[in-house]
Amino acid sequence: CSYLAYRISSHPSQPVMDTAAPPSFLCPIGQEIMRDPVACADGHSYERVNIERWLATNNTSPRTGAQLPNNALIPNHALRNSIEEWLSANFKLVPRSAVHFD
């Protein structure tokens, strides 16, 4: 399901401040907030699609350049939960199908 994010303002007359995501929530490859973070053998977390694409043609860490001992990817549930909590606290998620533009 596709979602649009709307910033939540604490006071209607105040402009909404730009809330930047913590750097650890961004994929080092794609520089976007991760939705399906996985831990790689280098100890870093990446968006699954990005690291799978990387590993299809490389056997090194995208962060360090060091050779990886294996291509195992482990879901990073703790990071995913932290990202989801941050998104819920900073944005109101609305299904794209519920939004109509005139």
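Below you will find a few notes about this structure. One numbering rule holds for all chains: residues counted from 1, following each sequence as written. With pLDDT at 70 or above as the cut-off, local features in this predicted model cover only qualifying residues; side-chain atom pairs require 80 or more to be listed or tallied, and sums for whole chains, interfaces and linings still use all residues. Hydrogens and water are ignored here; the side-chain numbers use all heavy atoms of the structure.

## Considering the pattern of salt bridges
Logical step 1: Salt bridges, as used here, are contacts in which a Lys or Arg side-chain nitrogen is within 4 Å of a carboxyl oxygen on Asp or Glu. What the rule picks out here adds up to three salt bridges.
Logical step 2: The partner of Arg 48 in a salt bridge is Asp 36, and the shortest N-O contact between them spans 2.8 Å. Note that Arg 48 is positioned in helix H1 (residues 48–55) and Asp 36 in the loop between strand E1 (3–7) and strand E2 (37–39), a separation of twelve residues in sequence.
Logical step 3: Note on Arg 48: relative accessible area 23%, which makes it partly exposed.
Logical step 4: Remark: exposure states derive from per-residue accessible area (1.4 Å probe, protein chains only) relative to the maximum for the residue type, with buried under 20%, exposed over 50%, and partly exposed in between. Among the residues examined, Asp 36 registers a relative accessible area of 29% and is labelled partly exposed.
Logical step 5: A salt bridge links Arg 80 to Glu 84; the nearest nitrogen and oxygen atoms lie 3.7 Å apart. Of the two residues, Arg 80 and Glu 84 both sit in helix H2 (residues 77–90), four residues apart, roughly one turn of that helix.
Logical step 6: Since its relative accessible area comes to 27%, Arg 80 is described here as partly exposed.
Logical step 7: Look at the salt bridges and you will find they share partners, linking Asp 36, Arg 48 and Glu 52 into a network. In this text, helices come from DSSP runs of H or I with a minimum length of four residues, and strands from runs of E with a minimum of two, each type numbered from the N-terminal end.

## Here we look at unusual backbone geometry
Logical step 1: Even without a glycine there, the phi angle at Gln 31 is positive, about 60 degrees.
Logical step 2: Its place among the elements puts Gln 31 in the loop between E1 and E2.

## Some points on the sheet that holds E2
Logical step 1: Here, strands pair whenever DSSP counts at least two bridges between them. Spatial ordering of the open sheet is given by E3-E2-E4, a layout of three strands whose pairing is antiparallel. Pairing within the sheet leaves two strands with one partner each, and these edge strands are strand E3 (45–47) and strand E4 (74–75).
Logical step 2: For E2 and E3, the ladder comprises three bridges, and the chain directions are antiparallel. The partner of Ala 39 across the bridge, within E3, is Ser 45.
Logical step 3: Any two residues whose heavy atoms approach within 4.5 Å at even a single point are treated as in contact. Simply put, an axis is a line fit to the C-alpha atoms, just over the touching stretch for a helix, and the angle between two N-to-C directions goes from 0 to 180 degrees. Its contacts with the sheet place H1 against E2, E3 and E4, and it is angled at close to 95 degrees to E3.

Nothing here speaks to function; it is geometry throughout.
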